[in-house]
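A look at the structure
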Amino acid sequence: MYAEPRPFWPPLISGIALGLTLLLTFVITGHGLGGSGFFARAVAAIGGWLAPAATAANAYYGPFVEAGKPLLSWITWEVVGVMIGAFAGSVTARRARVRVERSDGVSSGSRLAYALAGGLLVGMGARLARGCTSGLGLSGGATLAVAGFVFLIGFFVAGFVFSMQFKRAWQ
Amino acid sequence: MSIPVYDSGIASGLLAGILFGYVLEAAGFGSPRKLTAQFRLSDFSVFKVMFTAVLVAAVGLWILRSTGVITQASVYTPTTFFWAMGLGGVLIGAGFAIGGYCPGTSIVGAASGRIDAFVFMAGILGGSALFGWAYEPLQGLYFAAQGPKAETLPDLFGVPEWIVLAALIAAAAAGFAVGNILEKARGGPLSAKEVMRDPEEIASSTIHHTAKELNAHA
């Protein structure tokens, strides 16, 4: 018998805790939390190892490698922290397990194909927008930046539209 | 010591990240089914948690500024690039609805053992690389419709900050109320127990059902 997982926090409690975390981050660093910036730096670093000439010549990633060691950045330590925090939290609450999370009507193979396709769109979108749900939506929103709300409107509208089109992925 | 401290070192990153990851996981945001249930209107956790967090931090920053603890322009405020940010938001909303995560939540999903989250992260790397490849032709779009530097909603509407905050708090309260009604009508938000449950082996009836649907679509 497995012990039951501990329940999630109520949304209001999670929201207050997340808001205080974000406020603390602003007070310590002068900027908010992020996510996608790490992936951009990882692409610059991987490109720099695998194809140094092409990466250096790239108009977008060239400046990252030119500045040297693209992964030596605050966002990398933050992402490592996210992994530690999420791992510790899920293990202690019995919510960690190796598996493919999917809905009843979707095979693991299809679920992974959808995940890859979604990730590709999100990677392109985050570079185009100069940030993601964390950096622009959450952190930008908290500074009341117009940028954050332009992003959030696009995110929620497209989320609803594509969710209707891809019902099959989650039914 | 002046505030913000502007410490972007290793300890600062680890501390912010550990809290961020712990809270996201506790909210249930490592689960793609829970995250995407927002857009099926059966679980309003994404809206509730994000809106609450934005407002707690925004009110906190407002208090710190009004009491003179921090100065007006002391925290990073992004500048608007209307088309790039609007369309980027659309791509991320689409990718989230299809793949089940955004960048931060995919890291949380992976750290709690989800293989689909690792695949999603590989997709983000691929998509980011593709953007670099397409960057030069996209530059027009990337810089189009640039707004004033670090423009905020109070700047845009020409009203005091507290009025914007009060309006957002009212909007959040309305969203919570509507969300509670819709959640109740659609079986309630996904619990940790439901999220941890593996789907039953796909029964043959489901396969037939799906095949029939596919045929109907073809």
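Residues numbered from 1 in each chain as written. Chains lettered and ligands numbered in written order. Predicted model: local features only at pLDDT ≥ 70, side-chain atom pairs only at ≥ 80, totals over all residues.

**Considering the overall build of chain B**
The number of helices and strands found in chain B is 10 helices and zero strands. For chain B, the α and β elements follow one another from N to C terminus as α-α-α-α-α-α-α-α-α-α. C-alpha atoms of chain B, sized along the principal axes, occupy 65 × 45 × 40 Å. Here chain B holds 218 residues, and 44% of them are scored as buried. Nonlocal contacts in chain B, meaning residues at least 24 apart in sequence, comprise 68% of its contacts between residues at least 6 apart. (Helix = DSSP H or I, 4+ residues; strand = E, 2+ residues; numbered from the N terminus. Buried ≥ 20, exposed ≤ 12 C-beta atoms within 10 Å, placed from the backbone. Contact = placed C-beta atoms within 7 Å.)

**Quick word on helix 7 (residues 133-142) of chain A**
Residues and elements named next belong to chain A. Within helix 7, 10 of the 10 residues are buried, which leaves the element mostly enclosed by the surrounding structure. Of all the positions in helix 7, only Thr133, Ser134, Gly135, Leu136, Gly137, Leu138, Ser139, Gly140, Gly141 and Ala142 are classed as buried. Within two residues after helix 7, Leu144 carries a phi angle of roughly 60°, on the positive side.

**Comments concerning the interface of chain B and chain A**
Contact residues are listed per partner, giving 116 residues for chain B and 114 residues for chain A. Element by element, the count of residues in the side of chain B that touches chain A is highest for helix 6 (residues 115-143) of chain B, at 19 residues. Classifying every residue of the side of chain B that touches chain A gives 68 nonpolar, 36 polar and 12 charged. (Nonpolar A, V, L, I, M, F, W, Y, C, P; charged D, E, K, R; others polar.)

**Some points on the nonpolar core**
Of all hydrophobic cores here, the largest spans 108 residues; its most connected members are Leu22 of chain A together with Val23, Ala53, Val54, Ala57, Leu91 and Ile92 of chain B. Considering each element in turn, this core owes the most residues, 12 residues, to helix 6 (residues 108-129) of chain A. Formed jointly, this core draws a minimum of three residues from each of two domains, domain 1 (28-98) and domain 2 (106-171) of chain A. Leave out the neighbours within four places in its chain, and Ala53 of chain B touches Gly15, Leu18, Gly19, Leu22 and Leu138 of chain A. (Core = buried A, V, L, I, M, F, W, Y, C linked by C-beta atoms within 7 Å. Domains from an automatic or database assignment.)

**Observations regarding helix 1 (residues 10-27) of chain B**
Residues and elements named next belong to chain B. Under the 1.5 Å per step criterion, the end-to-end length of helix 1 is 26 Å for 18 residues, consistent within 8% with the ideal 26 Å. Of all the 18 residues making up helix 1, 15 are buried; the element is thus mostly covered by neighbouring parts of the structure. One or two positions beyond helix 1, positive phi appears at Gly28, with a value near 95°. (Expected span 1.5 Å × (residues − 1).)

**Some remarks on unusual backbone geometry**
Omega for the peptide link from Ile3 of chain B to Pro4 of chain B comes to -5°, which places this bond in the cis form. Tracing the backbone shows Pro4 of chain B in the segment before helix 1. Of note in the backbone geometry, Lys69 of chain A takes a positive phi value of approximately 40° without being a glycine. Here Lys69 of chain A falls in the partly exposed class, since 13 other C-beta atoms lie within 10 Å of it. The backbone phi angle of Leu144 of chain A is positive, close to 60°, even though this residue is not glycine. Under the C-beta neighbour-count criterion, Leu144 of chain A is labelled buried, with 23 such atoms within 10 Å.

**Observations regarding the domain arrangement of chain A**
Residue and element names in this part refer to chain A. Domain parsing of chain A yields domain 1 (28-98) and domain 2 (106-171). For domain 1 versus domain 2, the distance between C-alpha centres works out to 19 Å. With eight residues of domain 1 in contact, the opposing surface of domain 2 contributes 10 residues. The class makeup of the residues in the side of domain 1 that touches domain 2 is three nonpolar, five polar and no charged.

**Things to note about the confidence of the model for chain B**
Residues and elements named next belong to chain B. Per-residue confidence for chain B gives a mean pLDDT of 92, with 91% of residues at or over 70. The low-confidence segment residues 201-206, where pLDDT is below 50, has four contacts with residues more than four positions distant or belonging to other chains. Listed scores for the predicted complex are pTM 0.93 and ipTM 0.97. (pLDDT = per-residue confidence, 0-100.)

**Overview of the environment of Ile63 of chain B**
As for its placement among the helices and strands, Ile63 of chain B is situated in helix 3 (residues 45-66). Sequence separation of Ile63 of chain B and Val159 of chain B is 96 residues, and the distance between their C-alpha atoms is 17 Å.

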